[in-house]
Amino acid sequence: MIHNQDRSGWFGASDTARIMASWDTPTFYRWWAEKLGITHNHFSTTAMRAGTAYEHRILTAVGVKRMDRQIKKHQLRLRVNLDGEDKDTIHEVKTHRSEVFLVSRAYWQQCQVEMFAAGKKCRIVAYRLLEEDYLNFFREIDSGRLSFHPIEYHPEWIEEEYLPRLRYLAGCLKRRETPHAI
């Protein structure tokens, strides 16, 4: 659960899809302005608020006790917020509406960065929300709507694809420069 909505000056695991996408788009430039602290994104939807409201109860329902740890890698300007964890596993919570949860490329990338930062395995704990869950954020967790998705770590993707881009962007952020495609 993110308590501080200021996302400037740091890259998070949830930013990974943007880091790995094209840097020559209006979407990227809006995101970069947020990283520089020039603009602030206050975008919020009912689905986002519901996910936040249910996160801790979902983790509690699956037996996770340690929640909301933040890991910083200062040289990389990387700040990773873990939803929950135990001794050897990160538990990344995702809520969804669909009958079946599919791990998107963005979620896979987010988990890769979380595993890199924490040195642990990762699994997505997906919870299907029903319409009534969006109307009342205090409903009980139904274990029948939980699904678990272990994510295999790919260190070669981190080393060869992600880190070169992150290092370049971290340098641009420190110098307050606009990055160019690499």
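Just so you know, these numbers come straight off a predicted model, no measurement behind them. (Residues numbered from 1 in each chain as written. Predicted model: local features only at pLDDT ≥ 70, side-chain atom pairs only at ≥ 80, totals over all residues. Heavy atoms only, no water.)

A full pass over the atoms with the stated rule returns twelve salt bridges. Its salt-bridge partner being Glu85, residue Arg66 comes within 3.6 Å of it at the nearest N-O pair. In this pair, Arg66 is assigned in strand E1 (residues 66-73) and Glu85 in strand E2 (residues 78-85), connecting sequence segments 19 residues apart. Of the charged contacts in the structure, one is a salt bridge between Lys94 and Glu92, with a shortest N-O distance of 3.2 Å. When salt bridges with common partners are traced through the structure, they connect Arg66, Arg69, Glu85 and Lys120 into a single cluster. (Salt bridge = Lys/Arg side-chain N within 4 Å of Asp/Glu carboxyl O. Helix = DSSP H or I, 4+ residues; strand = E, 2+ residues; numbered from the N terminus.)

Here we take up the environment of Thr89. Along the chain, Thr89 turns up in strand E3 (residues 89-96). The class for Thr89 is buried, based on a relative accessible area of 12%. Spatially, the C-alpha atom of Thr89 lies 24 Å from that of Ala50, the residues being 39 residues apart in sequence. Setting aside anything within four residues of it in sequence, one finds Thr89 in contact with Gly84, Lys120, Lys121, Cys122 and Arg123. (Buried < 20%, exposed > 50% of the residue type's maximum accessible area, 1.4 Å probe, protein only. Contact = heavy atoms within 4.5 Å.)

Attention now goes to the sheet that holds E1. With respect to topology, five strands assemble into an open sheet ordered E1-E2-E3-E4-E5, the strand pairing being mixed. Edge positions in the sheet fall to E1 and strand E5 (146-151), since each of these pairs with one other strand and no more. Within the sheet, the average angular offset between the axes of one strand and its neighbour, ignoring direction, is 40°. In this sheet, E5 lies alongside strand E4 (residues 121-128) in antiparallel orientation, the contact comprising six bridges. Looking across to E5, one finds that Tyr127 is bridged to Leu146. Running at roughly 140° to E3, helix H3 (residues 46-61) makes contact with E1, E2, E3, E4 and E5 of the sheet. (Pairing = 2+ DSSP bridges. Axes fitted to C-alpha atoms, helices over the stretch in contact; angles between N-to-C directions.)

In this section: the nonpolar core. Residues Phe11, Ile19, Trp32, Tyr162, Leu166 and Leu169 are the most contacted members of the largest nonpolar core, which totals 35 residues. Among the nonpolar cores identified, the runner-up in size contains eleven residues, and Tyr54, Ile58, Val125 and Tyr134 belong to it. (Core = buried A, V, L, I, M, F, W, Y, C linked by side-chain atoms within 4.5 Å.)

Further remarks concern the side chain of Glu114. With respect to the helices and strands, Glu114 occurs in helix H4 (residues 105-118). The buried charged residue Glu114 lacks any salt bridge, with Lys94 as its nearest oppositely charged partner at 6.3 Å. Apart from the residues within four sequence positions on either side, Glu114 is in contact with Ala13, Val80, Asn81, Leu82, Ile90, Glu92, Gly119 and Cys122. (Lys, Arg positive; Asp, Glu negative; His and termini not counted.)

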